[in-house]
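Chain residues, written in single-letter form:
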Amino acid sequence: MVIRRATGDDADALTDLAHRAKAHWGYPASWMREWDPQLTIIPGYLEAHDVWLAERDGAIVGMCALEDRGARWNLEHVWVEPAVHGARDRPRARDGGARRGAAPASRVVELLADPYASGFTSGSARGVPATCRRRCRARCNRTSPRDSEFDLDV
């Protein structure tokens, strides 16, 4: 697996990945249409933020972005190709920019996560109160509040 910085030329492929990864969880088509603007990755976004992708055999299988918000960073667009979910060599967000020198000096990273991301949040971040994870899992409308601060293990 190769981890590299995303470029503007990757925008369409990353948009396709974001849509596939989100749709994998069975959301209604009407919700997917509403989320289209948030799932669309444009070249300017890739230039403005620290965006990393994972490639296996020349195909993009994952991505993540760190957005500088001053005192904090936001981890955004954490998408993994559904075919590699659970794979031993799947891409992990912590394998990208944080490991390659783009880690924020403050190390405080916020993540607004889909409830299906509990495997990522419990395995990759420390300091996430269990009450927050339970609250997310219990929400039947599949919306998720801003959970907590994460201390990345870099």
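Basis of the calculations
- Residues numbered from 1 in each chain as written.
- Predicted model: local features only at pLDDT ≥ 70, side-chain atom pairs only at ≥ 80, totals over all residues.
- Heavy atoms only, no water.
- Buried < 20%, exposed > 50% of the residue type's maximum accessible area, 1.4 Å probe, protein only.
- Helix = DSSP H or I, 4+ residues; strand = E, 2+ residues; numbered from the N terminus.
- Pairing = 2+ DSSP bridges.
- Salt bridge = Lys/Arg side-chain N within 4 Å of Asp/Glu carboxyl O.
- pLDDT = per-residue confidence, 0-100.
- Contact = heavy atoms within 4.5 Å.
- Polar contact = N/O pair within 3.5 Å; in protein donor to acceptor, adjacent residues only side chain to side chain.
- Phe/Tyr/Trp six-rings, centres within 6.5 Å; stacked < 30°, edge-to-face > 60°.
- Lys NZ or Arg CZ within 6 Å of the ring centre and 35° of its normal.

**Notes on the pairing of strand β3 (residues 59-68)**
Extensive coverage of β3 is indicated by the burial of eight of its 10 residues. Sheet topology note: the strand β2 (residues 50-56)/β3 ladder contains seven bridges and is antiparallel. When the bridges of β3 are listed, L53 appears paired with M63. Hairpin remark: β2 followed by β3, antiparallel, with two residues in the connecting loop; positive phi at D57, about 50°. Direction of pairing for β3 relative to strand β4 (residues 73-80): antiparallel, over a ladder of six bridges. Directly across from D68, in β4, lies its bridge partner W73. In sequence, β3 turns back onto β4 through a hairpin of four residues, with G70 there showing a positive phi of about 85°.

**A short note on the pattern of salt bridges**
Under the definition given, this model contains five salt bridges. With its nearest N and O atoms 3.2 Å apart, the salt bridge here joins E55 to R4. Here E55 is found in strand β2, whereas its partner R4 is found in strand β1 (residues 2-5), with 51 residues between them in sequence. Taking the shortest distance from any N to any O, the salt bridge between R5 and D50 comes out at 3.1 Å. Of this pair, R5 sits in strand β1 while D50 is found in strand β2, placing the two residues 45 residues apart along the sequence. A single salt-bridge network, built from bridges that share partners, covers R4, D10 and E55.

**Examining the confidence of the model for the protein chain**
Looking at the protein chain, pLDDT values average 74 and 58% of them are 70 or higher. Averaged pLDDT values for the elements of the protein chain fall to 37 in helix α6 (residues 130-138) and rise to 97 in helix α1 (residues 11-23). The model gives residues 123-154 a pLDDT under 50, and that stretch makes 64 contacts with residues more than four places away or in other chains.

**Some words on the environment of D68**
Locating D68 in the fold gives a position in strand β3. The spatial distance from the C-alpha of D68 to the C-alpha of A48 is 9.3 Å, given a sequence separation of 20 residues. Those residues within four positions of D68 in sequence are excluded, and the remaining contacts are H49 and W73. There is a polar contact of 2.9 Å between the side chain of D68 and the backbone nitrogen of G70.

**Let's talk about the packing of aromatic side chains**
Inspection of every chain in the model, using the stated rule, returns three aromatic pairs. Grouping aromatic residues by their ring pairs yields a cluster made of Y27, W31 and W35. Note that K22 overlies the ring of W35, its terminal NZ or CZ placed 4.5 Å from the centroid.

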